Amino acid sequence: MRTDIKSMYPEELEQMLRDMGQPSYRAKQIFKWLHLGVNSFDEMTNISKELRGKLVENCYISNATIEKKLISSYDGTEKYLFSFEDGETVESVLMKYHHGYTSCISTQVGCKMGCTFCATGQGGFFRNLTASEMLAQLQTEQKDNGIRISNVVLMGMGEPLDNFDNVMRFLKLVSLDDGMNIGMRHISLSTCGIVPRIYELADKKLQLTLSVSLHAPNDEIRSKTMPINRKYGIEELLKACKYYSDSTNRRISFEYAMIDGVNDGDDHAKELGKRLKGIIAHVNLIPVNTVSGTGYRKSKKDRMNSFIKILEGFGITATIRRTLGSDINASCGQLRKQSLQKTSV
Ligand code: SAH
Ligand code: SF4
């Protein structure tokens, strides 16, 4: 088994190189190359051929290969389908905002959580991604566009808190000065609500933004659309959210996909407003993306505006998320599904 060198912390790399009889500055040089996104050891021009040969024998570099790329003609948003060494594929979306580039990356191939509105959830779970495979998605996008990504959201395929250790490793690596140098304040992590892991994350006191996919004002609706809610109900989840914002002083962002006739009534808005009182929160309303087979439709615009007004009455700020790349189906899970259908024909 060769070592996944791009997932190693600097001190681990240093130890490995010391064991190979190398001085510690070599580790720094190699770390920099890896986090610039080189695809092979041969690109490390300041490393001797002999050492490169040894590294090839013992280690491998994770890459994300572009299988497919769609570009939105509306706003330039780019949606990628990447493959890894074992042929598994994930999606990632690169968005351009006035403050720079934001990439939305995947943390797992598929997802175990089975949310009924989500294309990824409907496709089942395959495996966790390594920290290096998360980094590789960003690096390939940077190289493909000749840009630097300034913000990262863990909102692609998969449930980040169900792949906790690899995600924590990714977060640490991506924020290092010698690495991609993307600070925690520029990173958001989205979860469907795995309560014990929210406490664990809170105790790490990272300055990242926590997004919680709420999507319903009560247990009855939430348990129907999000199976995780049968394990950890809304009250328990909101208690964990309060703990997170109290211990990190960070505002929680709640995601709420508006589904016509399911969770978008005025009564639902009132129920949500009451529930969220006392939590430093922001609600992001997202018109649900229609996924074939789910039967869900987007809420009407005036329904969403009425929902916002009611929340504001409770002192909660809410906005309608600007949907980027709507012509390329930028919500995750759908491109992989199409490509699997094509290959299985
Ligand atoms: N597993 C994590 C992160 C990945 S999903 C989570 O659930 O939070 C990223 C976001 O997309 C979540 O808020 C999720 O609920 C939302 N989402 C999934 N399918 C969607 C759809 N069809 N329309 C709108 N949002 C959707
Ligand atoms: Fe998984 Fe998130 Fe999709 Fe739910 S919404 S199935 S948690 S990726």
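Here's a quick rundown of the structure. No experiment lies behind these values; they were computed from the predicted model shown.

### Looking at the overall build of the protein chain
Per the secondary structure count, the protein chain includes twelve helices and 14 strands. For the protein chain, whose C-alpha radius of gyration is 21 Å, the value lies close to the compact-globule estimate of 20 Å for 345 residues. Judged by the C-alpha coordinates and their principal axes, the protein chain covers about 70 × 50 × 40 Å. Burial statistics for the protein chain: of 345 residues in total, 56% are counted as buried. Once local pairs closer than 6 in sequence are excluded, the contacts in the protein chain between residues at least 24 apart make up 67%. Accessible area of the protein chain: about 15,300 Å², with a carbon and sulfur share of 50%.

### So, the pairing of strand β9 (residues 149–154)
Of all six residues in β9, six are buried; the element is thus mostly enclosed. Note that strand β6 (residues 100–104) and β9 share four bridges and pair parallel. Across the sheet, residue tyrosine 101 finds its bridge partner in β9, namely isoleucine 149. Sheet topology places β9 next to strand β10 (residues 187–191); three bridges connect them, and they run parallel. Opposite valine 153, over in β10, you have serine 188 as the bridge partner. Between the parallel pair β9 and β10, the chain is carried across by helix α6 (residues 164–175), and the sense of this crossover is right-handed.

### A look at the site of ligand 2
Around ligand 2, the structure places Cys111, Met113, Gly114, Cys115, Cys118, Gly121, Gly158, Glu159 and Cys192. Looking at side-chain class alone, the shell around ligand 2 contains five nonpolar, three polar and one charged residues.

### Considering α6
In an α-helix, one turn spans 3.6 residues; hence positions three or four apart end up facing the same way. A rise of 1.5 Å per residue sets the reference length of α6, with its twelve residues, at 16 Å; its end C-alpha atoms lie 17 Å apart and thus fit the reference within 8%. When α6 is considered as a whole, its buried residues turn out to be Phe164, Val167, Met168, Phe170, Leu171, Leu173 and Val174. At its buried positions, α6 is contacted by α1 (10–19), α2 (24–36), α5 (131–145), β9, β10 and α7 (195–204).

### Examining the site of ligand 1
Residues in contact with ligand 1 amount to 16 residues; listed here are only the nearest, Gly158, Ser190, Ser213, His215 and Asn289. Note that a nitrogen atom of ligand 1 is positioned 2.9 Å from one of the backbone N or O atoms of phenylalanine 117. Within the complex, 89% of the 520 Å² of free accessible area of ligand 1 lies under protein. The residue inventory of the shell around ligand 1, partitioned by class, reads seven nonpolar, seven polar and two charged.

### Re the environment of glycine 53
In this fold, glycine 53 is placed in helix α3 (residues 49–58). Exposure remark for glycine 53: the relative accessible area of 33% places this residue in the partly exposed category. Sequence separation between glycine 53 and glutamate 220 is 167 residues, and the spatial gap between their C-alpha atoms is 59 Å.

### Notes on the side chain of serine 211
Secondary-structure assignment places serine 211 in strand β11 (residues 209–213). Not counting residues within four places of it along the chain, the set of residues in contact with serine 211 comprises Met155, Leu189, Ser190, Thr191, Ser253 and Glu255.

### Some points on the environment of methionine 8
You can see methionine 8 is positioned in the loop between β1 (3–4) and α1. Assessed through its relative accessible area of 11%, methionine 8 is described here as buried. In this structure, the C-alpha to C-alpha distance between methionine 8 and glutamine 122, residues 114 residues apart in sequence, is 33 Å.

### So, the sheet that holds strand β13 (residues 281–287)
Ordered by their spatial adjacency, ten strands build an open sheet running β3-β4-β5-β6-β9-β10-β11-β12-β13-β14, and the pairing between neighbours is mixed. Pairing within the sheet leaves two strands with one partner each, and these edge strands are β3 (65–71) and β14 (317–320). Looking at each pair of strands side by side, their axes are set apart by 25 degrees on average, direction ignored. Pairing analysis gives seven bridges linking strand β12 (residues 252–258) to β13, with the strands arranged parallel. Bridge pairing links alanine 257 to isoleucine 286 in β13. Strands in contact with helix α11 (residues 301–313) are β12, β13 and β14; relative to β14, the strand with the most contacts, it is inclined by about 165 degrees.

### Structural notes on the nonpolar core
Across soluble globular proteins, you tend to see nonpolar side chains buried next to one another. Residues Ile5, Leu13, Ile30, Phe170, Leu171 and Phe254 are the most contacted members of the largest nonpolar core, which totals 98 residues. Element by element, the count of residues in this core is highest for α6, at seven residues. Residues in contact with leucine 171, not counting those within four places in the same chain, are Leu154, Met184, Ile187, Leu189, Leu206 and Leu208.

### Quick look at the pattern of salt bridges
In a structure, side chains of opposite charge can pair up when their charged atoms sit close to one another. Under the defined criterion, the tally for this structure stands at 15 salt bridges. Here lysine 112 makes a salt bridge to aspartate 162, at a shortest N to O gap of 3.2 Å. Of the two residues, lysine 112 is situated in the loop between β7 (108–110) and α4 (119–123) and aspartate 162 in the loop between β9 and α6; the sequence distance between them amounts to 50 residues. Residue class for lysine 112 comes out partly exposed when judged on its relative accessible area of 49%. Aspartate 162 sits in the partly exposed class, given a relative accessible area of 21%. Notably, a salt bridge pairs aspartate 260 with arginine 297, separated by 2.8 Å at the nearest N-O pair. Linking aspartate 260 in the loop between β12 and α10 (266–276) with arginine 297 in the loop between β13 and α11, this pair joins segments that are 37 residues apart in sequence. For aspartate 260, a relative accessible area of 23% puts it in the partly exposed group.

Reading the values: the criteria
Residues numbered from 1 in each chain as written. Chains lettered and ligands numbered in written order. Predicted model: local features only at pLDDT ≥ 70, side-chain atom pairs only at ≥ 80, totals over all residues. Heavy atoms only, no water. Helix = DSSP H or I, 4+ residues; strand = E, 2+ residues; numbered from the N terminus. Rg over C-alpha atoms; globule rule 2.2 N^0.38 Å. Buried < 20%, exposed > 50% of the residue type's maximum accessible area, 1.4 Å probe, protein only. Contact = heavy atoms within 4.5 Å. Areas by Shrake-Rupley, 256 points an atom, 1.4 Å probe, with all protein chains shown as cover. Pairing = 2+ DSSP bridges. Right-handed = clockwise from strand over helix to strand, strands pointing away. Near = heavy atom within 4 Å. Nonpolar A, V, L, I, M, F, W, Y, C, P; charged D, E, K, R; others polar. Expected span 1.5 Å × (residues − 1). Polar contact = N/O pair within 3.5 Å; in protein donor to acceptor, adjacent residues only side chain to side chain. Axes fitted to C-alpha atoms, helices over the stretch in contact; angles between N-to-C directions. Core = buried A, V, L, I, M, F, W, Y, C linked by side-chain atoms within 4.5 Å. Salt bridge = Lys/Arg side-chain N within 4 Å of Asp/Glu carboxyl O.

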